[in-house]
Amino acid sequence: MGPCQSQSKLKSSKNLQQPTLIRKTDQVLTNNNPSLILPSFSPNPEVISEPYDDTKKSLSQLKVYKFSYQRFYSEITQGNMKLSSNQKLVQHNLTGKIRVVEQYERNQQNEEFITQLKCYPLDNPRIVNVHELYIDEESFYLIMDYCSGGQLSNYYVDKSIIPFNEVEIASIIYQAAESLRYLEKMGLTHGFLNLNSFSRVDTSNNFQIKLSDIRGLFVKPELNEQNVFSLPPEACNTKDQNVFNHSRDVWCLGVMAYQMICGYPPFEGNTIESVKSQIKKMAAQYNNFQFDRVSKLCRQLIQRILAPIKQRISIVALMNDQWFKIRIKQNDQSILNKLQQNKVKISELQQLFLIFMIKNICSADQQQLYTEFVNLDENQDGQLTKEEIFKVYSNRFASKADAKAFIENIFKIADVDKSGTIDFGEFLVAITDKPGLLTEENLKTTFKMVASSNGKLTTQKLRFHFSTCLSKLDKLFSENFANPQNVGYSEFELLMKQLL
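Nothing here was measured: the structure is a model prediction, and the numbers come from that model.

Parameters at a glance
- Residues numbered from 1 in each chain as written.
- Predicted model: local features only at pLDDT ≥ 70, side-chain atom pairs only at ≥ 80, totals over all residues.
- Heavy atoms only, no water.
- Core = buried A, V, L, I, M, F, W, Y, C linked by side-chain atoms within 4.5 Å.
- Buried < 20%, exposed > 50% of the residue type's maximum accessible area, 1.4 Å probe, protein only.
- Helix = DSSP H or I, 4+ residues; strand = E, 2+ residues; numbered from the N terminus.
- Contact = heavy atoms within 4.5 Å.
- pLDDT = per-residue confidence, 0-100.
- Arc of directions from axis to C-beta.
- Salt bridge = Lys/Arg side-chain N within 4 Å of Asp/Glu carboxyl O.
- Axes fitted to C-alpha atoms, helices over the stretch in contact; angles between N-to-C directions.
- Parallel < 35°, antiparallel > 145°, perpendicular 65-115°, else oblique.
- Left-handed = near helix turned anticlockwise from the far one by under 90°.

Leu318 and Phe353 are the most contacted members of the largest nonpolar core, which has 128 residues in total. It is helix H3 (residues 246-262) that contributes the most residues to this core, eleven residues altogether. Discounting residues that sit within four places of it in the chain, leucine 318 has contacts with Ala177, Val250, Leu253, Leu301, Ile305, Ile313 and Phe324. Residues Tyr69, Tyr73, Tyr134 and Tyr141 belong to the second largest nonpolar core, which totals ten residues.

Moving on, we come to the confidence of the model for the protein chain. With 85% of its residues at a pLDDT of 70 or more, the protein chain has an overall mean of 82. When pLDDT is averaged over each element of the protein chain, H3 comes out on top at 97 and helix H7 (residues 332-340) at the bottom at 69. Contacts of residues 1-60 to residues separated by more than four positions or lying in other chains number 133 contacts, the stretch itself having pLDDT below 50.

Further remarks concern unusual backbone geometry. Non-glycine residue methionine 282 carries a positive phi angle of around 55°. Its place among the elements puts methionine 282 in the loop between helix H4 (272-280) and helix H5 (296-305). On the basis of relative accessible area, methionine 282 is assigned to the partly exposed category, the value being 26%. Even without being a glycine, lysine 418 presents a positive backbone phi close to 60°.

Turning to H4, a few remarks are in order. Of the positions making up H4, those classed as buried are Val275, Lys276 and Ile279. Buried residues of H4, seen end-on, are gathered within an arc of 100° and therefore sit on one face of the element. Contact partners of the buried residues in H4: H3.

So, about the pattern of salt bridges. All chains considered together, the criterion is met by 15 salt bridges. Note that glutamate 408 is salt-bridged to lysine 386, the shortest N-O span being 3.1 Å. Separated by 22 residues along the polypeptide, glutamate 408 in helix H11 (residues 400-414) and lysine 386 in helix H10 (residues 386-393) bring together distant segments of the chain. Residue class for glutamate 408 comes out partly exposed when judged on its relative accessible area of 36%. Overall, lysine 386 belongs to the partly exposed group, its relative accessible area being 29%. Shared partners join several salt bridges into a network, and the residues in it are Arg99, Asp145 and Lys210.

A separate point is the packing of helix H9 (residues 366-376) against helix H12 (residues 424-431). Packed helix pairs are characterised by how far apart their axes lie and by the angle those axes make with each other. Interaxial distance between H9 and H12 falls to 10 Å at its minimum, and their mutual angle equals 115°. Taken together, the axes of H9 and H12 lie roughly perpendicular to each other. Our pair here, H9 against H12, has a crossing hand that is right-handed. Along the contact surface, H9 presents Gln366, Leu369, Tyr370, Phe373 and Leu376, while H12 presents Phe424, Phe427, Leu428 and Ile431.

Now the structure itself:
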């Protein structure tokens, strides 16, 4: 079975007003049904406009549609997954991708949230992706990743049951730290992270998670009986309660780790003030029987996190802690084999199309591949260097010279932007099974998603899908197509099949 094939299938709700054909999730559509007319999903300039003029520039990189999301998506039953009151499960009518739509009333606060969201475009595998924004007269609708495993808090409803072992907890906390490291680079903080803030991507044994509370990065809630447990001691005074910094988010990871081990938070009380009093006293207990079941390294790291701010560990030091060595490492050899098969040089335009296809047609493996990428990224800067790859793979070759020659060849192919490093997008494209991705059915589906209504590819339309400036796309079209003003499916297919 190829990387873009899946056996799972969800059925649509029976009470929809406009029933549509429901597709298999993460699976290629077929065009064998001659009666099926697939709609073009290219933006219409007449209906794509921002709700307010003063947010136009901020929203320019987000695919914004001023009509109902039900034109492209069908609501489906949510099964056993618990959704918030403002969330619904939907399925893309063309690709079959399962998404979550979050609805927000059109008011000043939510307008500011949307504006801020676009000021800080979030593009990281450890954070749910916001794919599209739909607007009607009353609401904003965000189309986001669907994490079928549900919020981590769902696994701790019964405090007497500890659902995860130490290795699994280490993996989850490390992934949460990865999202914080990215947010730190973006200059963003949350301040109230807890088990409700993260969701499992699925229910497999890989234990991949994503930060799913995006709104909390931009709209800070009032202190209440639910979020007070995440408060660090320096924020317990009223005047410092709304001071949000990266150290505060690190503290939250310590609270999460403690709760995942014990089943309850480290600081408890019957009122907000009683919880704050326990936090200021640093009254967490580490001699209970739950900590007898985990390693000394685990307890020591949590103590270094749940410490006064001047002694608290940084996010970088946290990620380099010895405790995380117990995480299950991935098989380096599989990555090496995939890199060895990557022999065709990729253009920047081909890379844009490949990443679009991976994200929209067969994104199921992205989380696992990101974990493998992180394992290679020794200094956790989001870029792979020749030295980092050499350290991992040098012992797989007969000589150091052979290893260096192999790595040089990898960079000639994978380093598309010639920066001297390989980012995750380049890594993802390099190791993707291209014959499995670039099937005729996948190519036709992709083309219908990005082509204009006249059946042609235009840079004006593609900039909405690729979040790339128009001038760069014009340049890439000129470099890749003989007639950039008349690019149909045959030209697109020829471009992509050059990679096979």
